[in-house]
Amino acid sequence: VQLQASGGGLVQAGGSLTLSCVASESTFSSRYIGWFRQAPGAEREFVATFRRDGGYTYYGDSVKGRFTISRDNAKNMVYLQMNSLKPEDTAVYYCAAGSRIILSNRANPQAYDVWGQGTLVTVSS
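Residues numbered from 1 in each chain as written. Predicted model: local features only at pLDDT ≥ 70, side-chain atom pairs only at ≥ 80, totals over all residues. Heavy atoms only, no water.

Caption draft 1: Local environment of the pairing of strand S8 (residues 77-82). Taken together, the six bridges between strand S3 (residues 17-23) and S8 define a ladder with antiparallel strand orientation. Within S8, the residue paired with Ser20 across the bridge is Tyr79. Pairing of strand S7 (residues 67-72) with S8 involves six bridges; the strand directions are antiparallel. Residue pairing in the sheet places Ile69 in a bridge with Leu80 of S8. What sits between S7 and S8 in their antiparallel hairpin is a turn of four residues, with Asn76 showing a positive phi close to 55°. (Pairing = 2+ DSSP bridges. Helix = DSSP H or I, 4+ residues; strand = E, 2+ residues; numbered from the N terminus.)

Spelled out as structure tokens, the structure:
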């Protein structure tokens, strides 16, 4: 398995949840590795991504200040710490990776060529 996400669940609004994504060795060395989400009937939305060279992180506007992406190089793991969750954060969350990504398309899901299975996050009001 190249990417495998876990950690989803049911949480009340205002609560926190941490998602995990384990990557294969080759996938973890991708230039970008991050998270997207997709709510029912909606398009896949950029959440956050980590750029390997330089260690830069980027966030979608809707999660900026509430979510934090991090990685553990020793474990080939990427995490998404989600705080102050809102009902509109309810979605299936996917981790994704790619190396043919440039700064201008880092938020475009089509630029990522490796995807894990999703993990469902449900935020109740």
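Don't stop here, the text continues.
Caption draft 2: Here's a closer look at the pattern of salt bridges. For the structure on display, the rule yields seven salt bridges. For the salt bridge of Asp53 with Arg31, the shortest nitrogen-to-oxygen distance reads 3.3 Å. One end of the pair, Asp53, is in the loop between strand S5 (45-51) and strand S6 (56-59); the other, Arg31, is in the loop between helix H1 (25-28) and strand S4 (32-38), and 22 residues separate them in sequence. Residue Asp53 is classed as partly exposed on the basis of its relative accessible area of 33%. (Salt bridge = Lys/Arg side-chain N within 4 Å of Asp/Glu carboxyl O. Buried < 20%, exposed > 50% of the residue type's maximum accessible area, 1.4 Å probe, protein only.)

Caption draft 3: Local environment of the state of the cysteines. Enumeration over the complete set of coordinates arrives at one disulfide. Each sulfur in the disulfide pair Cys21 and Cys95 lies 2.2 Å from the other. Given an S-S torsion of about 65°, the disulfide between Cys21 and Cys95 has right-handed geometry. With Cys21 in strand S3 and Cys95 in strand S9 (residues 91-98), the pair connects residues that are 74 residues apart, well separated along the chain. (Disulfide = S-S within 2.5 Å.)

Keep in mind these values describe shape, not function.
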